[in-house]
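Here are the chains, one letter per residue:
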Amino acid sequence: MSVKHSLLALLTQGPRYGYHLRAEFEERTGSTWPLNIGQVYTTLDRLERDGLVEDQGDDGAGHRIYAITEAGRAETEDWFAQPSRPSNPPRNELAIKLAIAVTTQGVDVERVIQAQRSATLRALQDVTRAKRSTGGESRPADLAGLLVLESLIFTAEAEIRWLDHCEAAVLRAARSGQLPAAPAAVSAPAPAPTPSRTAVPTTAGTSRRHTSSQQKDR
């Protein structure tokens, strides 16, 4: 996430102070990536150092106002014009975790995958609910927030498909002997039978519990 260029883009609409920039950024992105106000002012300091914004002083209400410079406008136009190309592959914590799990003896990789799938499904449900509660596309800010939420939905769906692929690959490797079998789960001891309760069939063919006549008399 480029906080630097996002703040520059907001400043093309006119001078702003830090809290104003933070509120506007969060509104336009559907409050998906909350900004720390300290991060905002640290970024503004760096932009000022690089000649991309200028400090216009206090507005009389205790707010430090920043304005974009011509160099800042050129930087923003270039940001919008150029496709996003990370110079290095981004570090994906989940991919790293699975890579280490597959190569570490004693790790139940299937359990790791299943736990992640459950968590990603919950996140997908949360984002889907958030999308339903948006105000549609009546304002540019609404459309902006909707696009961000849909990006998160597509990302979660892709991760679930990838986890399904990983699980299938792990199962094939385990069957072929390329991976050691997952450690057996420790079974809990079976509970002792309760003499006062007897399972009897019901008319529907299922079983239900009857309390002994001795307990009924109590």
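Residues numbered from 1 in each chain as written. Predicted model: local features only at pLDDT ≥ 70, side-chain atom pairs only at ≥ 80, totals over all residues. Heavy atoms only, no water.

So, about the side chain of Arg117. Turning to its location among the elements, Arg117 is positioned in helix α6 (residues 109-132). In this structure, Arg117 is in contact with Leu163, Asp164 and Glu167, ignoring residues within four places of it in sequence. (Helix = DSSP H or I, 4+ residues; strand = E, 2+ residues; numbered from the N terminus. Contact = heavy atoms within 4.5 Å.)

Another point: the sheet that holds strand β2 (residues 53-58). Read across the sheet, 3 strands follow the order β1-β3-β2 without closing on themselves; strand pairing throughout is antiparallel. A strand with exactly one partner marks an edge of an open sheet, and here the two such strands are β1 (16-17) and β2. (Pairing = 2+ DSSP bridges.)

So, on to the nonpolar core. In this structure, Leu7, Leu21, Val40, Leu44 and Leu47 are the most contacted members of the largest nonpolar core, which totals 16 residues. Elements with a minimum of two residues in this core: α1 (3-11), α2 (18-28), α3 (37-49) and β3 (64-68). Considering each element in turn, this core owes the most residues, 5 residues, to α1. Sequence-distant contacts of Val40, that is, excluding residues within four places in its chain, are made with Leu7, Gly18, Leu21, Arg22 and Leu35. Counting residues in each nonpolar core, the second largest holds 10 residues, with Leu94, Ile113, Cys166 and Ala173 among its members. (Core = buried A, V, L, I, M, F, W, Y, C linked by side-chain atoms within 4.5 Å. Buried < 20%, exposed > 50% of the residue type's maximum accessible area, 1.4 Å probe, protein only.)

Before going further, it helps to spend a moment on the layout of surface pockets. Approximately 600 Å³ is the volume found for the largest pocket. What lines the largest pocket is a set of 21 residues, and nearest its centre among them are Ser2, Ser6, Phe25, Trp79 and Phe80. Listed by contribution, the elements that provide at least two residues to the lining of the largest pocket are α1, α2, α4 (70-81) and α7 (140-175). Its residues placed into classes, the lining of the largest pocket shows 11 nonpolar, 6 polar and 4 charged. (1 Å grid on protein atoms, 1.4 Å probe; cavity = no way out; pocket = protein on both sides within 12 Å on 5 of 7 lines; lining within 4 Å. Points joined across faces, edges and corners; volume = space filled by probe spheres on them. Nonpolar A, V, L, I, M, F, W, Y, C, P; charged D, E, K, R; others polar.)

Consecutive side chains along a regular strand alternate between the two faces of the sheet. When you tally the buried positions in β3, you get 4 out of 5 residues, the bulk of the element. Relative to β3, β2 runs antiparallel, the two being bridged by 5 bridges. When the sheet's bridge partners are listed, Asp55 is paired in β3 with Tyr66. The hairpin turn running from β2 into β3, its antiparallel successor, is 5 residues long, and Gly60 in that turn takes a positive phi close to 95 degrees.

So, about the side chain of Thr76. Checked against the element boundaries, Thr76 lands in helix α4. Of note is the side chain of Thr76, whose polar atom sits 2.8 Å from the backbone oxygen of Gly72. Excluding residues that lie within four positions of it along the chain, Thr76 makes contacts with Leu8, Ala9, Thr12 and Ile68. (Polar contact = N/O pair within 3.5 Å; in protein donor to acceptor, adjacent residues only side chain to side chain.)

Our focus in this paragraph is the environment of Lys4. Inspection of the secondary structure assignment puts Lys4 in helix α1. Accessibility expressed as a relative area gives 33% for Lys4, which makes it partly exposed. Counting along the chain gives 42 residues from Lys4 to Arg46, while the straight-line C-alpha distance between them is 8.8 Å.

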